[in-house]
Amino acid sequence: MIQFNLIDEKWIPVRRHDGSETMIAPWEVTKEFTDNPIVALNAPRPDFNGALIQFLIGLVQTVAAPANRVEWKQKLDKPPEPEELKAAFMTVHNAFELGGDGPRFMQDKEKLESKDLCIDRLLIDMPGNKTRDENTDHFVKRNTVTCMCHSCCATALFTLQTNAPKGGRGKLTSLRGGGPLTTLVLNDKRCSSLWRTIWLNTLVSGDFLRICGSIDKNTDSDKFPWCGKTRTGIKTAAIEVHPAQMYWGMPRRIRLNLERSKQGKCGICGIYSYNLIDSYREKTKGNDYKGGWLYPLSPFFHKGNALTAVHAQPGGVSYRNWLGFVQEEGKDKIPAKVVHEFKTIRQQSDRQFRLWAFGYDMDSMKARCWYDSVMPLISVKPDSIKNYEDETANLISTADIICGNTKIAIKRAIQGRPQFDPLTKKIKWKYQDINKIPSDEQDERKKVLFAMNDQSTYMAIDVFFWQSTEKAFYETLHSLKKAVEANDDLVEIHKTWHQTLCYASMKLFDINVSEGINEDVAPKRVVLALSELKMFNQGNKIKELLDLPVKTAAAKGKKNAVL
Ligand SMILES: [Zn+2]
């Protein structure tokens with residue numbers, strides 16, 4: 001029987017500061033911290049990196065969390081020695097054995113008599129479409145992986161249990177739903193290290209234990225469900241188990257076939273091994289996690305009365321997600337607990353911290369792609385935060401309105417049918433694919449934009465708009481921070497931002513309509529849609545948001561088509 005303990009073995013691929021690549025045991029993460037620290041995970045797939053960082057944060061949070069904020073601050077730059085971490089991790093050694101006769105990491109306690117499945121089915125598949133080029137080559141297509149080494153297999157298993165998508169009848173999703181999004185705080189690039197990433201996302205023990213769950217439920221199986229019998233056929237609420245189960249949720253009943261092993265190359269990392277795993281068994285109806293799990297590494301939003309973990313949406317992660325990922329949007333969108341802790345307690349003005357957001361874009365059971373994005377986190381003096389955040393929200397709302405104006409104008413130019421309404425003396429647009437256009441302008445806008453939701457042309461316009469204005473957005477935030485802290489006038493910042501957005505809007509219109517013109521597009525319609533777009537982008541709602549001078553009704557005359 002193969003034994004492979006995830007505390008003892010060197011199974012985590014990492015990269016050191018000098019560029020060298022190696023494999024470490026989890027407790028070695030602080031080895032050579034002063035001279036040549038480990039700076040990043042180095043897994044062969046980006047989703048594995050996303051899972052491994054959650055594994056390490058989960059492990060540290062479970063057995064080596066700081067007792068208070070002073071300890072947290074001290075250990076950010078002076079981490080515990082590897083031996084100290086090892087001693088802490090050894091307290092849960094028994095739960096991290098991948099093979100053997102006892103509990104098996106992330107596997108059902110029962111042997112599961114069912115047919116063998118090829119090991120590649122553990123992978124949450126994805127096409128090679130990704131926003132950051134550097135990892136694109138590493139995607140592995142289904143049916144190309146016939147066996148895995150222990151390191152890749154343990155990671156694939158953890159990745160699946162942590163992200164579990166809908167899998168058909170009886171195959172349950174992760175405790176955050178299928179394919180959740182994760183946001184982590186990263187340190188300044190100049191002093192980034194794997195330890196600091198772990199520690200920046202580890203909460204003070206008492207704070208973590210108060211999030212949800214019950215600290216009275218303190219057996220191994222309350223924390224690590226594979227140590228006990230799977231709660232099949234019943235729901236599991238947070239209050240019925242220990243808070244740590246948030247990091248160790250096991251919705252799928254899986255048992256790796258470790259009784260036989262193959263010799264050859266791992267289908268994922270390519271390493272040669274005498275102990276490759278080629279199959280597993282699975283049964284339906286695993287642990288069925290129901291509502292109220294406030295996983296500290298994910299943003300949440302209100303859905304009805306319940307908080308639901310955010311999932312990545314088509315179009316990827318960009319500053320459009322700032323509200324909800326970095327700062328609250330009313331009471332509806334709530335950043336991850338670790339981001340909130342950073343903003344309210346941990347930020348330091350001398351370092352440029354960053355936010356790392358990643359997750360699958362799931363189309364029900366299938367992963368469409370993997371998103372992976374890093375944004376700057378700007379430290380602001382405590383007494384300026386409210387003002388700065390209100391201003392930031394307005395910058396984003398403005399971008400959202402202008403992006404919407406642009407998409408509507410393009411749709412009108414390409415396939416709209418303008419009709420003069422003698423009653424209101426306004427142009428009313430009709431479209432082939434939308435019935436019953438509401439008479440109210442705001443309702444019309446909502447309906448037209450909603451109709452574009454799943455259309456690839458408009459999704460591409462969306463992505464282009466947000467990407468092309470992203471750099472300017474962060475520059476604007478830096479200027480905003482300085483101005484707000486110094487109590488300076490913000491007019492120039494607002495004007496520049498407005499110009500940036502209008503420029504991106506016009507460029508998109510040109511690319512999609514004027515430049516790529518097809519025979520169906522009537523020039524008159526294009527001219528009309530373009531002149532409306534210019535007028536809408538200069539509209540009162542936008543100017544009010546940005547505190548720019550607003551035209552009065554008298555000055556506008558009869559032209560009241562402001563969206
Ligand atoms: Zn491998």
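See the structure shown above.
Residues numbered from 1 in each chain as written. Predicted model: local features only at pLDDT ≥ 70, side-chain atom pairs only at ≥ 80, totals over all residues. Heavy atoms only, no water.

Engineer: When you look at the overall build of the protein in this model, what are you seeing that I'm missing?
Structural biologist: Helices and strands together make up the secondary structure of the protein, namely 16 helices and 18 strands. Counting only C-alpha atoms, the protein reaches 85 × 55 × 45 Å along its principal axes. The buried share of the protein, reckoned over its 563 residues, is 55%. Sequence-distant contacts, at least 24 apart, represent 74% of the contacts inside the protein between residues at least 6 apart. (Helix = DSSP H or I, 4+ residues; strand = E, 2+ residues; numbered from the N terminus. Buried < 20%, exposed > 50% of the residue type's maximum accessible area, 1.4 Å probe, protein only. Contact = heavy atoms within 4.5 Å.)

Engineer: I'm lost on unusual backbone geometry in this one. Help?
Structural biologist: Note on backbone geometry: most residues besides glycine have negative phi, and most peptide bonds are trans. In this model, Asn487 sits at a positive phi of 60°, which is unusual for a non-glycine residue. Structurally, the position occupied by Asn487 is in the loop between α12 (456-485) and α13 (491-515). By relative accessible area, Asn487 is classed as exposed at 69%. If you check the backbone angles, Asp547 has positive phi at about 60° while not being a glycine.

Engineer: Would you take a moment to explain helix α1 (residues 46-63) for this structure?
Structural biologist: Side chains three or four residues apart in an α-helix point the same way, a direct result of the helix having 3.6 residues per turn. The terminal C-alpha atoms of α1, which comprises 18 residues, lie 26 Å apart, in line with the 26 Å expected from a rise of 1.5 Å per residue. Where burial is concerned, most of α1 is hidden: 17 out of the 18 residues are buried. (Expected span 1.5 Å × (residues − 1).)

Engineer: Can you walk me through the nonpolar core in this structure?
Structural biologist: In a soluble, globular protein the nonpolar side chains are often hidden away together inside. Ranked by size, the top nonpolar core spans 161 residues in total, and within it Phe55, Phe96, Phe105, Leu122, Met148 and Trp248 carry the most contacts. No other element matches helix α10 (residues 385-415), which puts twelve residues into this core. Residues contacting Phe105, with those up to four places away along its chain left out, are Leu6, Phe55, Ala95, Phe96, Glu97, Leu98, Ala154, Leu157, Phe158, Trp226 and Trp248. (Core = buried A, V, L, I, M, F, W, Y, C linked by side-chain atoms within 4.5 Å.)

Engineer: Hey, could you run me through the side chain of His498 in this one?
Structural biologist: Assignment of secondary structure puts His498 in helix α13. Overall, His498 belongs to the buried group, its relative accessible area being 6%. With near-sequence residues (within four places) excluded, His498 lies in contact with Ile402, Asn537, Gln538, Ile542, Lys543, Leu546 and Leu548.

Engineer: Can you walk me through helix α3 (residues 82-89) in this structure?
Structural biologist: Among the residues of α3, those classed as buried are Pro82, Leu85, Ala88 and Phe89. Buried positions in α3, seen along its axis, are confined to an arc of 125° and lie on one side of it. Buried positions along α3 lie against α1 and α5 (194-200). (Arc of directions from axis to C-beta.)

Engineer: Looking at this structure, I do not really get the packing of aromatic side chains. What am I missing?
Structural biologist: Working definition: an aromatic ring pair is given by the centre-to-centre distance plus the angle between the planes. According to the stated counting rule, one finds 33 aromatic pairs in the structure shown. Ring centres of Tyr360 and Trp370 lie 4.8 Å apart, and the angle between their planes is 75°; on these two criteria the pair is classed as edge-to-face. Of this pair, Tyr360 sits in strand β15 (residues 354-363) while Trp370 sits in strand β16 (residues 366-376), and the two are ten residues apart along the sequence. Neither Tyr360 nor Trp370 differs from the other in exposure class; each is buried. Members of the aromatic cluster, connected to one another through ring pairs, are Trp11, Phe55, Phe96, Phe105, Phe158, Phe224, Trp226 and Trp248. Between Arg176 and the ring centre of Tyr295, over which it is positioned, the NZ or CZ distance is 3.6 Å. Above the plane of the ring of Trp72 lies Arg346, whose end atom (NZ or CZ) is 4.0 Å from the centre. (Phe/Tyr/Trp six-rings, centres within 6.5 Å; stacked < 30°, edge-to-face > 60°. Lys NZ or Arg CZ within 6 Å of the ring centre and 35° of its normal.)

Engineer: It is not clear to me how the sheet that holds β15 should be interpreted in this structure. Could you clarify?
Structural biologist: The strands making up a sheet associate through backbone hydrogen bonding, with each pair oriented either parallel or antiparallel. Read from one edge of the open sheet, three strands run β5-β15-β16, paired in antiparallel fashion. Strands at the two margins of the open sheet, each flanked by one partner only, are β5 (182-186) and β16. Between one strand axis and the next, the sheet turns by 15° as a mean value, whatever way the strands run. Direction of pairing for β15 relative to β16: antiparallel, over a ladder of ten bridges. Considered in β16, the bridge of Leu355 is made with Met375. Sheet strands in contact with α1 are β5, β15 and β16, and its direction is about 120° off that of β15. (Pairing = 2+ DSSP bridges. Axes fitted to C-alpha atoms, helices over the stretch in contact; angles between N-to-C directions.)

Engineer: Looking at this model, I keep getting lost on the environment of Lys343. Mind explaining?
Structural biologist: Mapped onto the fold, Lys343 is located in helix α9 (residues 337-346). You can call Lys343 buried: its relative accessible area is 16%. Leave out the neighbours within four places in its chain, and Lys343 touches Val326, Gln327, Glu328, Ile385 and Glu389. For Lys343, the side chain forms a polar contact with the side chain of Glu389, separated by 2.9 Å. (Polar contact = N/O pair within 3.5 Å; in protein donor to acceptor, adjacent residues only side chain to side chain.)

Engineer: I keep staring at the pattern of salt bridges and nothing clicks. Help me out?
Structural biologist: Think of it this way: side chains of opposite charge can pair up when their charged atoms draw near. Under the definition given, this model contains 39 salt bridges. Between Glu441 and Lys426 there is a salt bridge, and its shortest N-O distance comes to 2.9 Å. Of this pair, Glu441 sits in helix α11 (residues 441-451) while Lys426 sits in strand β18 (residues 426-431); the two residues are 15 residues apart in sequence, bridging distant segments of the chain. The exposure class of Lys426 is partly exposed, given its relative accessible area of 26%. Because the salt bridges share partners, they merge into one network encompassing Arg69, Asp207, Arg210, Glu341 and Arg346. (Salt bridge = Lys/Arg side-chain N within 4 Å of Asp/Glu carboxyl O.)

Engineer: Looking at this model, I keep getting lost on the sheet that holds strand β10 (residues 279-283). Mind explaining?
Structural biologist: Spatial ordering of the open sheet is given by β4-β10-β7, a layout of three strands whose pairing is antiparallel. In this open sheet, the two strands that pair with only one neighbour each are β4 (117-118) and β7 (253-256). Relative to β10, β7 runs antiparallel, the two sharing four bridges. Residue pairing in the sheet places Arg255 in a bridge with Arg281 of β10.

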